[in-house]
Amino acid sequence: QFEAALRRLDFPFPERASELFECLDLDGNHVLEEDDIQFLEKWRPAPILTAEKNPKAREEFRELLLQRYGRPVKAWRHLLDRDGSNRCNWHEFLAACKVIGCKGDLAG
């Protein structure tokens, strides 16, 4: 039923429907109940999750990185992935933007 409902709603990632169901089924009883999705009432997604792509902002960010660090790998290791996790979350990205002075459309 869940996958059929997602198809009717034109869910853009139908191949990930079962994964989404598992994430929402908090108690693991294979049924989505109100308690499983109640958190969505208060959830506010990070701006990056809903932003439109902005190639101009991307280029501005890239230029500022290269001005400061010279090479993308150096910027990654010294600024974006300071904890060595091979990931850069939204908060780390915002902190990096402050360091390099990027103030444009950060989410785009």
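Residues numbered from 1 in each chain as written. Predicted model: local features only at pLDDT ≥ 70, side-chain atom pairs only at ≥ 80, totals over all residues. Heavy atoms only, no water.

(A) Expanded view of the packing of aromatic side chains. Under the counting rule described, the total for this entry stands at four aromatic pairs. Ring centres of Phe2 and Phe21 lie 5.2 Å apart, and the angle between their planes is 70 degrees; on these two criteria the pair is classed as edge-to-face. Note that Phe2 is positioned in helix α1 (residues 2-8) and Phe21 in helix α2 (residues 17-24), a separation of 19 residues in sequence. Summarising the aromatic geometry, the rings of Trp90 and Phe93 are spaced 5.8 Å apart at their centres and angled 25 degrees between planes, so their arrangement reads as stacked. Taken together, the residues span about one helical turn, with Trp90 and Phe93 both in helix α6 (residues 90-100) at a distance of three residues. (Phe/Tyr/Trp six-rings, centres within 6.5 Å; stacked < 30°, edge-to-face > 60°. Helix = DSSP H or I, 4+ residues; strand = E, 2+ residues; numbered from the N terminus.)

(B) Inspection of the side chain of Asp25 at higher detail. Among the secondary structure elements, Asp25 is positioned in the loop between α2 and α3 (34-37). Although Asp25 is buried, it makes no salt bridge; Arg16 carries the closest opposite charge, 17 Å away. Aside from chain neighbours lying at most four places away, what touches Asp25 is His30, Val31, Leu32 and Asp36. (Buried < 20%, exposed > 50% of the residue type's maximum accessible area, 1.4 Å probe, protein only. Lys, Arg positive; Asp, Glu negative; His and termini not counted. Salt bridge = Lys/Arg side-chain N within 4 Å of Asp/Glu carboxyl O. Contact = heavy atoms within 4.5 Å.)

(C) A look at the nonpolar core. Within the largest apolar cluster, 14 residues are counted, with the highest numbers of intra-cluster contacts made by Phe61, Leu65 and Ile100. Mapped onto this core, the elements with two or more residues apiece are α4 (55-69), α5 (72-80) and α6. With five residues, α6 is the largest single contributor of residues to this core. Each residue touching Ile100, except ones within four places of it in the same chain, is listed here: Phe61, Leu64, Leu65, Arg68, Tyr69 and Leu79. (Core = buried A, V, L, I, M, F, W, Y, C linked by side-chain atoms within 4.5 Å.)

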